[in-house]
Amino acid sequence: MNAEQLAARRRQNRAGWAMALPACLLIFAFLITPFFMAFGLSLTNQRLISPNPAEFVGLRNFERLLGVGLLTLDPLRDENGEVRLKGGEPEYPRIRSFTRGNPDYPRLNRMREWFRIDLPGDRQLVVLAKDLVFIKALKNTVLFVAVVAPVQSGLALILALLINRPLRGINVFRTIYFAPVVISMVVVAMLWRFIYDGQNGILNSLLGIFSFGAIEPISWLGNTSTALPAIMAMSVWQGVGFHMVIWLSGLQTIPQPLYEVARIEGATGWQTFRYVTWPGLRNTAILVMVIITMQAFTLYPQVQVMTRGGPLDSTQSLVFQAVVRGYEKQDIAGGSAISVLLFLFVLAISLFQRYLTRDRD
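Attention in this report is confined to the structure presented alongside it. Computed from a predicted model, the values in this text were never measured in an experiment. (Residues numbered from 1 in each chain as written. Predicted model: local features only at pLDDT ≥ 70, side-chain atom pairs only at ≥ 80, totals over all residues. Heavy atoms only, no water.)

On to the overall build of the protein chain. Regarding its fold elements, the protein chain presents 14 helices and five strands. At 27 Å, the protein chain has a C-alpha radius of gyration far larger than the 21 Å of a compact globule built from 361 residues. With the C-alpha coordinates of the protein chain rotated into their principal frame, the extents come out at 90 × 70 × 45 Å. For the protein chain, with 361 residues in total, the buried portion stands at 36%. Long-range pairs, those at least 24 residues apart, make up 63% of the contacts in the protein chain between residues at least 6 apart in sequence. Only carbon and sulfur atoms are counted for the fraction: they give 63% of the accessible area of the protein chain, which is about 22400 Å². Side-chain charges in the protein chain split into 34 positive and 23 negative, and the spacing between the mean points of these groups amounts to 11 Å. (Helix = DSSP H or I, 4+ residues; strand = E, 2+ residues; numbered from the N terminus. Rg over C-alpha atoms; globule rule 2.2 N^0.38 Å. Buried < 20%, exposed > 50% of the residue type's maximum accessible area, 1.4 Å probe, protein only. Contact = heavy atoms within 4.5 Å. Areas by Shrake-Rupley, 256 points an atom, 1.4 Å probe, with all protein chains shown as cover. Lys, Arg positive; Asp, Glu negative; His and termini not counted. Charge placed at Lys NZ, Arg CZ, Asp CG, Glu CD.)

All right, on to the sheet that holds strand β5 (residues 123-129) then. The three strands are arranged β1-β5-β4 in an open sheet whose pairing can be described as antiparallel. With partners counted over all chains shown, the strands left at the sheet margins are β1 (68-73) and β4 (112-119), one partner each. Across this sheet, the average inter-strand angle for adjacent strands is 20°, counted without regard to direction. Against the sheet, helix α4 (residues 132-163) makes contact with β1, β4 and β5, and its axis sits at roughly 65° relative to β4, the strand it touches most. (Pairing = 2+ DSSP bridges. Axes fitted to C-alpha atoms, helices over the stretch in contact; angles between N-to-C directions.)

With respect to the secondary-structure elements, T44 resides in the loop between α1 (3-42) and α2 (60-66). Since its relative accessible area comes to 14%, T44 is described here as buried. For T44, the side chain forms a polar contact with the main-chain oxygen of L41, separated by 2.8 Å. (Polar contact = N/O pair within 3.5 Å; in protein donor to acceptor, adjacent residues only side chain to side chain.)

Right, let's talk about the packing of α4 against helix α13 (residues 318-328) for a bit. Between α4 and α13, the least distance of the axes is 8 Å, while the angle of their chain directions is 145°. Across the interface between the two elements, V133, F134, A137, L138 and T141 from α4 touch L318, Q321 and R325 from α13. Partitioned by chemical class, the residues of the contact of α4 with α13 number five nonpolar, two polar and one charged. (Nonpolar A, V, L, I, M, F, W, Y, C, P; charged D, E, K, R; others polar.)

F134, F144, Y196, M234 and M306 are the most contacted members of the largest nonpolar core, which has 43 residues in total. Per-element tally for this core: the top contributor is α4, with seven residues. Apart from residues no more than four positions distant in its own chain, F134 is found in contact with L65, L66, L318, R325, I338 and L341. By size, the runner-up hydrophobic cluster in this structure holds 21 residues, among which are A156, W247, L251 and Y259. (Core = buried A, V, L, I, M, F, W, Y, C linked by side-chain atoms within 4.5 Å.)

What follows is the structure, encoded as structure tokens:
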């Protein structure tokens, strides 16, 4: 490379950096800087409005959020050594006797019961948590991601395959499938809240009509077993069109001669998808899964509008908890700690996904 070519390369590099500079500044100002500020606040006891200066508390906020304990309970026995029964089941000591200032169990102080596991010999293993609401929010968020990410990406791929055809009026179907994406999530959540209404909701009305009244009205958002699945279904419906467009763009980059060769060789539809379509969508699949995962972890407007985290904390999410603690409860330090954990968790999941989909020789 001569001097003139080297100078031209340098000019191109400077032009490229100049074009990328505004985006880099925005990322630094609105992503990187807030993260380090949140990390700094998470190490203090900062309140939103407080006359007292913030104090450094180290990792106490993280210990409070992630603190988990185990307790093994033996059934109570009477004077003869027989197991005491209550309602036909063995009776156990109250959890409060272990978690309310018991000097023999200092690590379990102020913990709350999460769930129990039956052990041999009528014994029970009780799992406790310092911040039970956060633990439920973490579990709900992980479950939401585990269900919504594969279901939404799979449905989006099916829709993309259906509309990737040179048929008359196909653009009408593309518009219909994509229409929910352009509607605000808040508006969609409000509409679906009416659909899920336990008395006069459209869903209950349709179920009553098609079952001839055999199915009683269900309080979809007021039942702990149906509230989170209802939010999952609404979220999948709202976002599937966006990912359909991404899959469609990937399908249109696959060379058509590959399909012609497969057709000449007598490949079935499944064989064509497995050996031609899917390998050609590898990079698109990585992009779709990363985007869906990141979006699913930011579960907030659906919960805020439809359930406010209820009933009985069955729809709590990490982002909802961060907002509630940071602003409603004025615990900026606790909200910042949740935000930092969420960022690290999403980063770890994204890196793991990238590792699984890396190029292999």
